[in-house]
Amino acid sequence: MIRVENVSKSFTLHNQGGAVIEVMRGASLSVAPGECVALTGASGAGKSTLIRILYGNYLAASGQVLVGGVDVARAPPREILALRREVLGYVSQFLRVVPRVPTLDVVAEPALAAGAAREAARDRARALLARLNIPERLWPLSPTTFSGGEQQRVNIARGFAHPYPALLLDEPTASLDGANRAVVLELIAEAKARGAAIVGIFHDLEARAEVADREVDVTAFATRGARA
Amino acid sequence: MSPLLQVEGVTKRYGARIGCEGVGFDLWPGEVMGIVGESGSGKSTLLGCLAGHLTPDTGRILYDAGAGSGAQDVTAMPEAARRRLLRTDWAFVHQNPRDGLRMNVSAGGNVGERLMAVGARNYGAIRARAGDWLGRVEIDGARMDDRPSAFSGGMQQRLQIARNLVSGPRLVFMDEPTGGLDVSVQARLLDLLRGLVRDMGLSAVIVTHDLAVVRLLADRLMVMKSGRVVETGLTDQVLDDPQHPYSQLLVSSVLQV
Amino acid sequence: MTDGMQDYNFAYLDEETKRMIRRALLKALAIPGYQVPFASREMPMPYGWGTGGVQVTAACLVPEDRLKVIDQGADDTTNAVSIRGFFARTAGVATTERTAEATLIQTRHRIPETPLREGQILVYQVPIPEPLRFLEPRETETRRMHALEDYGLMHVKLYEDIARHGAISTSYAYPVKVAGRYVMDPSPIPKFDNPKLESPAIQLFGAGREQRIYAVPPYTRVVSLDFEDHPFEASKPDHPCALCGATDSYLDEVITDDTGARMFVCSDTDYCAGRRAEGAA
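What counts, and where the lines are drawn
Residues numbered from 1 in each chain as written. Chains lettered and ligands numbered in written order. Predicted model: local features only at pLDDT ≥ 70, side-chain atom pairs only at ≥ 80, totals over all residues. Heavy atoms only, no water. UniProt positions renumbered as here; feature names shortened; annotations may be inferred. Helix = DSSP H or I, 4+ residues; strand = E, 2+ residues; numbered from the N terminus. Rg over C-alpha atoms; globule rule 2.2 N^0.38 Å. Buried < 20%, exposed > 50% of the residue type's maximum accessible area, 1.4 Å probe, protein only. Contact = heavy atoms within 4.5 Å. Areas by Shrake-Rupley, 256 points an atom, 1.4 Å probe, with all protein chains shown as cover. Lys, Arg positive; Asp, Glu negative; His and termini not counted. Charge placed at Lys NZ, Arg CZ, Asp CG, Glu CD. Buried area = accessible area lost by both parts, 1.4 Å probe. Salt bridge = Lys/Arg side-chain N within 4 Å of Asp/Glu carboxyl O. Polar contact = N/O pair within 3.5 Å; in protein donor to acceptor, adjacent residues only side chain to side chain. Pairing = 2+ DSSP bridges. Core = buried A, V, L, I, M, F, W, Y, C linked by side-chain atoms within 4.5 Å.

An unreviewed UniProt entry annotates chain C as Alpha-D-ribose 1-methylphosphonate 5-phosphate C-P lyase of Allgaiera indica. In its Sequence similarities (unreviewed entry) section, the UniProt record describing chain C reads: "Belongs to the PhnJ family." Database annotation for chain C, UniProt heading Function (unreviewed entry): "Catalyzes the breakage of the C-P bond in alpha-D-ribose 1-methylphosphonate 5-phosphate (PRPn) forming alpha-D-ribose."

Looking at an unreviewed UniProt entry, chain A carries the name Alpha-D-ribose 1-methylphosphonate 5-triphosphate synthase subunit PhnL, with the source organism given as Allgaiera indica. Per UniProt, the comment on chain A under Sequence similarities (unreviewed entry) is "Belongs to the ABC transporter superfamily."

Written as structure tokens, this is what we have:
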């Protein structure tokens, strides 16, 4: 489902004398349907960078990034957009939404975008918000005013609103209490059970041990060399 | 599926000065493309060329009106056909609502004009649709017979959007649609636009200098400088991993979005 | 014939000017409802007194013509009397107050009640020829709208009427579509007269200040714009004429004393007089 082959990534800082910072080289990874792979390595080793490359958010300098048969490193924007709509979900660490939009609609949006009927999408959103213990009185409010933990749970609900065949999770259990952490782990297990291929970053070792089938240490891909 | 709009080598000069040069891109049904760049970068000139307000010196703008008619070069269309397109399939939202509204005509009349232009002749039906659209842009139906001069800036802008979308266009051009509005009003408008774009399956080209606006509205981004396109790509990719020196400068120059 | 004929060219205007106006008239007849620009001349009367109509009349008159001039339907008002006198003096043509006898009728703001027939010419005095002017002040834009048949705006005006007054309140200068193509201002005739625009006579419209001529050829289809659910109505005051008892003619309201007493009488003086003569006979 997900295959990364020999990917490298560098940043050229044109406004800082054209410095080229190569951050990744020879990254390779493969995730089968129903499998969860945890990215490990020290902070700054490039875990988030790899996730972002997988999502098409960062542009790979070379190599192949295949998600559901689409090469994210090279595909035209509209193919990546279609991929994100239907195939590839992403739970980032930050919630980015239009202010003023009710939480319920924020969570229902991915399903709507994927073509679900309005009420079906909303039902699914209600179920997820309830499971993640977001009090119902908050549903009509914009999540921009919520606490960090609440925002994180809204973000997770969004990520699971549509049954994506591939999922990217960036620290999904960070800043969650025990009960909510358990719900998220359940959601991940359910996604795996329906055959989703998952790549995640879990600093929470117990969580990682519970859901990850394999670990890939990205330190092996790190270069940390600046070339002028 | 084929592109809704195919833009090829569009160049517009003002004497020796370049308005925009060699711009090309495809816009697919349902896509929203943002065009960013500083003042004078040529983004408004380009939008003017695309929307038929300006005639490009060279280049083609192919529009596929659907129904198997194939793509037609808008720049070579007879004016009557182009105007028909402008008031049915296309829409243009101006930065200043005064440029896009008839200020001496009631809100209902403003919304109804496009319907009447294409032959609607039932007053009750026109009024019902105008009322429906006022509701969709969150304007109280009781204000239907008021003139836009009695409306706030945000309401005027929403009215302009209703006036444009009532004919069920497929392609909308927007020139700084949130410019000149309070931040709180901007958010409401953005939310409204996003919902309308999704529900109606609209394609849109949005010119703005506000990166937060494109982050929330646009699927794709085109960065312009001195009349040329310097970078294109997915909106979040261009904003988070800009490749061109100018894009990097642009992104790093604004507060976090 | 008076000495006037030695001082003025026939019908006042020089032959070159008349030819120029006739060319405009022919073009106007060829494109019904289309406003043809023409080089309007200074006339010995102020704008607003029918300078456009007078020039069209001058270009059409031949010595055999019998001229009738009406102002708001009446043959005996200052404007009508002076224009009739003007042509009697400068062209030496016969004049009449009888619609049926006239070969050329110049009118301000009315169409005679007596049905017109083939061979007659009706010349309208037009203050503002552009029907779209109310909503679009730019001449360049209104011309383009006519060229592209972009007439949505015209219905916006009617829509605004209904929205504000509950009905189309436009009661004169009511816009029409001519021969299925051009939207035209029929000059400030009451909308009661609109159905009479479909006529066996030639109808010519002259706007002197605005320098425009337009025309409706005989038997041309003329449709008053409206909405399906607010159809056009050729309405008039709901009274019979106090003098002749006619119920089918357009009426003027006349205040008869200081206490507000009033009566409704035919605006077409010839029609009214004719009916009274018949009744008396």
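Having seen it, we continue.
1. With respect to the overall build of chain C
In terms of helices and strands, chain C carries seven helices and 12 strands. Over its C-alpha atoms chain C spans a radius of gyration of 19 Å, differing by no more than 12% from the 19 Å that the globule rule assigns to 281 residues. Over its C-alpha atoms, taken along the principal directions, chain C stretches across nearly 60 × 50 × 35 Å. When the 281 residues of chain C are sorted by exposure, 53% land in the buried category. Taking the intrachain contacts of chain C between residues at least 6 apart in sequence as the baseline, contacts between residues at least 24 apart amount to 60%. Accessible area for chain C stands at about 12,500 Å²; split by element, carbon and sulfur atoms hold 51% of it. Across chain C, the mean location of the 31 positive side-chain charges is 4 Å away from that of the 40 negative side-chain charges.

2. Here's the deal with the interface of chain C and chain B
Opposite the 22 residues of chain C that make contact, chain B presents 22 residues. Across the chain C/chain B interface, buried area totals approximately 1,900 Å², and carbon plus sulfur atoms make up 53% of it. Between chain C and chain B we count five salt bridges in total. Its salt-bridge partner being Glu141 of chain C, residue Arg83 of chain B comes within 2.9 Å of it at the nearest N-O pair. One can count 12 residue pairs in polar contact (both at pLDDT 80 or more) joining chain C with chain B. Taken together, the elements giving at least two residues each to the side of chain C that touches chain B come down to α5 (139-147) and α6 (152-165) of chain C. A per-element tally of the side of chain C that touches chain B places α6 of chain C first, with nine residues.

3. What to know about the sheet that holds strand β1 (residues 36-37) of chain C
Residue and element names in this part refer to chain C. With mixed pairing, seven strands are arranged side by side in an open sheet as β1-β9-β8-β5-β4-β2-β3. Each edge of the open sheet carries a strand with a single partner, namely β1 and β3 (94-95). Alignment of strand β5 (residues 121-125) against strand β8 (residues 202-207), held across five bridges, turns out to be parallel. Looking across to β8, one finds that Leu122 is bridged to Gln203.

4. Digging into the environment of Asp150 of chain C
If you trace the backbone, Asp150 of chain C turns up in the loop between α5 and α6. The spacing of Asp150 of chain C and Asp14 of chain C is 136 residues in sequence and 39 Å in space, taken between C-alpha atoms. Ignoring sequence-local partners within four residues, the contact set of Asp150 of chain C consists of Arg83 and Arg87 of chain B together with Met145 of chain C. A polar atom in the side chain of Asp150 of chain C sits 2.6 Å from the side chain of Arg87 of chain B.

5. Remarks on the nonpolar core
Counting residues in hydrophobic clusters, the biggest one holds 111 residues, and the most contacted among them are Phe160 and Ile188 of chain A. Here the element with the most residues in this core is α6 of chain C; it accounts for seven residues. When sequence neighbours within four positions are dropped, the list of residues in contact with Ile188 of chain A reads Phe160, Leu169, Pro172, Ile198, Phe202 and Val211 of chain A. Listed in part, the 39 residues of the second largest apolar core include Met24, Val67 and Val218 of chain A together with Leu234 of chain B.

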